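Analysis of the macromolecular model
Residue strings, one per chain:
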Amino acid sequence: MDAGTPDVREGAGHGGRRTRRHDPRRRERILDAALEVLVGEGAAGLTHRKVASRADVPLGSVTYHFASLAGLRAEAFARYVEQRSAEYEALFTDVTSREDLIDVLVDVVQGGPSRHRSAVLGFELHLAALRDPALRALTQQWTGSGRAVLARFTGPETAARLDALLEGLIMHALLSTDAVPREETRAAITQTVGPETAPGT
């Protein structure tokens, strides 16, 4: 059975036979469900059973597509990096000035629930990569992609500094018991961008 093959569903059809449903996106739904478990419970809480429950699929379907938890985790994180890289690049579509750039970067740090989810997944990935060298190529790919986006506006050296600053600011915002003032975030980013930096230079 592959991702586009019908499979057995709960319940019975005519004559007591189980009904089948064509489910071509099952594999992707399983990966998305794994990401939701990672957000809520971290890598240590990831199990085939929890993913099956979240995806509303039989447990056997999860273990068929992903026999090992390590493989499921790796592919879920890869899906996240692919999605997040595209979303991150899209944030800069309308940036035409230094102030636009700073506004976007402040929003990246100060963003709402969707950005919070993304940040949690990002740090879960980095934490998992500390223990699993196989994931480090993925974190390096993601870092390189993000810095390449920033470098279009700042140059590679400033992009590397900004990337490191953003990670620190986001972690601080996640862990702080008080809301981090937007002005404080903006001041740190503005200083790192530098007064002479402008898009395209």
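Things to note about the side chain of R26
Assignment of secondary structure puts R26 in helix 1 (residues 26-41). Owing to a relative accessible area of 3%, R26 belongs among the buried residues under this scheme. In this structure the side chain of R26 is engaged in a polar contact, spanning 3.2 Å, whose partner is the side chain of S61.

Observations regarding the nonpolar core
Within soluble globular proteins, side chains that are nonpolar generally end up buried alongside one another. In terms of nonpolar packing, the biggest core is built from 26 residues, with I30, L38, V51, V62, L72 and F77 touching the most fellow members. For this core, the secondary-structure elements that each account for two or more residues are helix 1, helix 2 (48-55), helix 4 (69-90), helix 6 (113-131) and helix 7 (136-154). If you tally residues by element for this core, the top one is helix 1, at 7 residues. Residues within four places of F77 in sequence aside, it is in contact with L35, L38, L121, E124, L125, A128, L135 and L138. The next biggest cluster of nonpolar side chains, apart from the first, holds 21 residues, and it includes V95, L105, A119 and I189.

Topic: the pattern of salt bridges
Any two side chains of opposite charge can pair, so long as their charged atoms come close to each other. Overall, the coordinates contain 12 salt bridges when judged by the stated rule. One salt bridge connects R84 with E87, and the closest N-O pair in it is separated by 3.7 Å. One end of the pair is R84 and the other is E87, both in helix 4 and 3 residues apart, which spans about a single turn. What makes R84 buried here is its relative accessible area of 10%. One salt-bridge network, held together by shared partners, links R98, E99, D103 and R186.

Description of the packing of aromatic side chains
According to the stated counting rule, one finds 3 aromatic pairs in the structure shown. A ring pair is formed by Y88 and F92, whose centres lie 5.1 Å apart and whose planes are at 70 degrees; its orientation type is edge-to-face. Classification of Y88 as buried rests on a relative accessible area of 11%. Its relative accessible area of 2% is what places F92 among the buried residues. A network of ring pairs unites the aromatic residues Y88, F92 and F153 as a single cluster.

Some details on unusual backbone geometry
Positive phi, close to 60 degrees, is recorded for D56, a residue that is not glycine. Here D56 shows up in the loop between helix 2 and helix 3 (59-65).

Looking at the confidence of the model for the chain
Detailed reading of predicted coordinates is not advised where the pLDDT is low. Here the chain averages 87 in pLDDT, and 86% of its residues register 70 or above. When the elements of the chain are averaged for pLDDT, strand 1 (residues 7-12) gives the smallest value, 41, and helix 2 the largest, 97. For the stretch residues 1-20, pLDDT sits under 50, and the model shows 41 contacts to residues farther than four places along the chain or on other chains. Within the model, pLDDT remains below 50 along residues 197-201, and this stretch shows 15 contacts once partners closer than five positions in the same chain are excluded.

Calculation criteria
- Residues numbered from 1 in each chain as written.
- Predicted model: local features only at pLDDT ≥ 70, side-chain atom pairs only at ≥ 80, totals over all residues.
- Heavy atoms only, no water.
- Helix = DSSP H or I, 4+ residues; strand = E, 2+ residues; numbered from the N terminus.
- Buried < 20%, exposed > 50% of the residue type's maximum accessible area, 1.4 Å probe, protein only.
- Polar contact = N/O pair within 3.5 Å; in protein donor to acceptor, adjacent residues only side chain to side chain.
- Core = buried A, V, L, I, M, F, W, Y, C linked by side-chain atoms within 4.5 Å.
- Contact = heavy atoms within 4.5 Å.
- Salt bridge = Lys/Arg side-chain N within 4 Å of Asp/Glu carboxyl O.
- Phe/Tyr/Trp six-rings, centres within 6.5 Å; stacked < 30°, edge-to-face > 60°.
- pLDDT = per-residue confidence, 0-100.

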